[in-house]
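# Geometric and topological summary
In case you want the letters, here they are:
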Amino acid sequence: PELFLGRQDSFPSISDPCSAVVGSSSANAAANCATDGAAGNLDTRVQILTQVGGNTELDPETATTLTGGLVLEDSLVPGLSANFDYFNISIDDAISTIGESIILAGCYESDPGERQFCALVQRDANGLITQILDTSTNVGGNDISGLDFEVRYSTPSDFGRFGANLAGTYYFDFTQTQATGFEQNVLGVYDGR
């Protein structure tokens, strides 16, 4: 589907940043909209046609992974067991869509010399958006490493078996590179389950 899914229409909830009615008021948007001949159009739509689907020009998504685990059972305390699983995953050329709001922000809210994704926004002679193209694309990558852990304890009694369980994930690194080139880092985050 990422390569060969046909184009489909979608109508996400977004507005034209160049619209005099529902658009942006930022200085960058005003300058960029004027450059595109779309400043001050009277577009009142809050949903804009977007084409989604596959893209035959994708590069393969690749990953390098390293994993290892350790299980301890009844080694120190009877009834106590623990397992630890280390993971390190690096994904390059991750495949996803950019997102309509990111496309519009990259084209119109950016500094005039740093505009991105403008080729994905099509306008008519009146400056109105006719469609946005948001098909599958190589958006960046992810670097994730961490430790999954689980500790269990159970003991028999006259009333049955009682136990407790604690499981979670500790991230050493979680870096996501987005289509805009922005790297989002989340370090040392505990995700208890």
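All of the points below concern the structure found in this document. (Residues numbered from 1 in each chain as written. Predicted model: local features only at pLDDT ≥ 70, side-chain atom pairs only at ≥ 80, totals over all residues. Heavy atoms only, no water.)

### Re the state of the cysteines
- On inspection of all chains with the given rule, the structure shows 2 disulfides.
- Shown here is the disulfide that connects C107 with C118, its sulfur atoms set 2.1 Å apart. Disulfide C107-C118: the torsion about the S-S bond is 110°, which places it as right-handed. Residue C107 is located in helix α2 (residues 100–109), and its partner C118 is located in the loop between α2 and β5 (121–123); the two are separated by 11 residues in the primary sequence.
- You can call C118 partly exposed: its relative accessible area is 25%.
- Taking only the cysteines that form disulfides and numbering them from first to last, the protein has the pattern 1-2, 3-4. (Disulfide = S-S within 2.5 Å. Helix = DSSP H or I, 4+ residues; strand = E, 2+ residues; numbered from the N terminus. Buried < 20%, exposed > 50% of the residue type's maximum accessible area, 1.4 Å probe, protein only.)

### Regarding helix α1 (residues 27–35)
- Three or more residues of α1 are buried, namely A29, N32 and C33. For α1, the arc enclosing every buried residue in end-on projection is 100°, short of the 170-degree limit, so these residues lie on one face. Opposite the buried face of α1, at more than 90 degrees from it, the exposed residues are A27 and T35.
- For α1, the secondary structure elements touched by its buried residues are α2. (Arc of directions from axis to C-beta. Contact = heavy atoms within 4.5 Å.)

### Concerning the sheet that holds strand β6 (residues 129–133)
- Read from one edge of the open sheet, 4 strands run β1-β2-β6-β5, paired in mixed fashion. Two strands bound the open sheet, and with one partner strand each, they are β1 (8–10) and β5. Here the average twist between neighbouring strands, direction ignored, is 30°.
- Bridge analysis of β1 against strand β2 (residues 50–52) gives 3 bridges, and the strand direction is antiparallel. By the bridge assignment for β2, D9 is matched with Q51. (Pairing = 2+ DSSP bridges. Axes fitted to C-alpha atoms, helices over the stretch in contact; angles between N-to-C directions.)

### Overview of the packing of aromatic side chains
- Under the defined criterion, the tally for this structure stands at 4 aromatic pairs.
- Between the aromatic rings of F87 and Y171, the centroid separation amounts to 6.3 Å while the plane-to-plane angle is 80°, which identifies the pairing as edge-to-face. Of this pair, F87 sits in strand β4 (residues 80–96) while Y171 sits in strand β8 (residues 160–177), and the two are 84 residues apart along the sequence.
- Given a relative accessible area of 18%, Y171 falls into the buried group.
- Summarising the aromatic geometry, the rings of Y170 and F172 are spaced 5.5 Å apart at their centres and angled 70° between planes, so their arrangement reads as edge-to-face.
- For Y170, a relative accessible area of 36% corresponds to the partly exposed category.
- Of the residues examined, F172 reaches a relative accessible area of 44% and is grouped as partly exposed.
- Cluster of aromatic residues (ring-pair linked, three or more members): Y86, Y170 and F172. (Phe/Tyr/Trp six-rings, centres within 6.5 Å; stacked < 30°, edge-to-face > 60°.)

### Remarks on a nonpolar patch on the surface
- A cluster of nonpolar side chains, V21, V22, L42 and V46, forms an exposed patch at the surface whose accessible area comes to about 360 Å².
- The topology assignment puts V46 in the loop between α1 and β2.
- The class of V46 is exposed, set by a relative accessible area of 53%. (Patch = residues over 30% accessible without salt bridge, like charges linked within 9 Å, V, L, I, M, F, W, Y side chains within 5 Å. Areas by Shrake-Rupley, 256 points an atom, 1.4 Å probe, with all protein chains shown as cover. Salt bridge = Lys/Arg side-chain N within 4 Å of Asp/Glu carboxyl O.)

### Some thoughts on the pattern of salt bridges
- Scanning all chains against the criterion turns up 4 salt bridges.
- Linking D16 and R123 is a salt bridge whose minimum nitrogen-to-oxygen distance equals 2.8 Å. Note that D16 is positioned in the loop between β1 and α1 and R123 in strand β5, a separation of 107 residues in sequence. One exposure class covers both D16 and R123, and it is buried.
- For the salt bridge of D43 with R45, the shortest nitrogen-to-oxygen distance reads 2.7 Å.
- Assessed through its relative accessible area of 5%, D43 is described here as buried.

On their own, these measurements won't tell you what the molecule is for.
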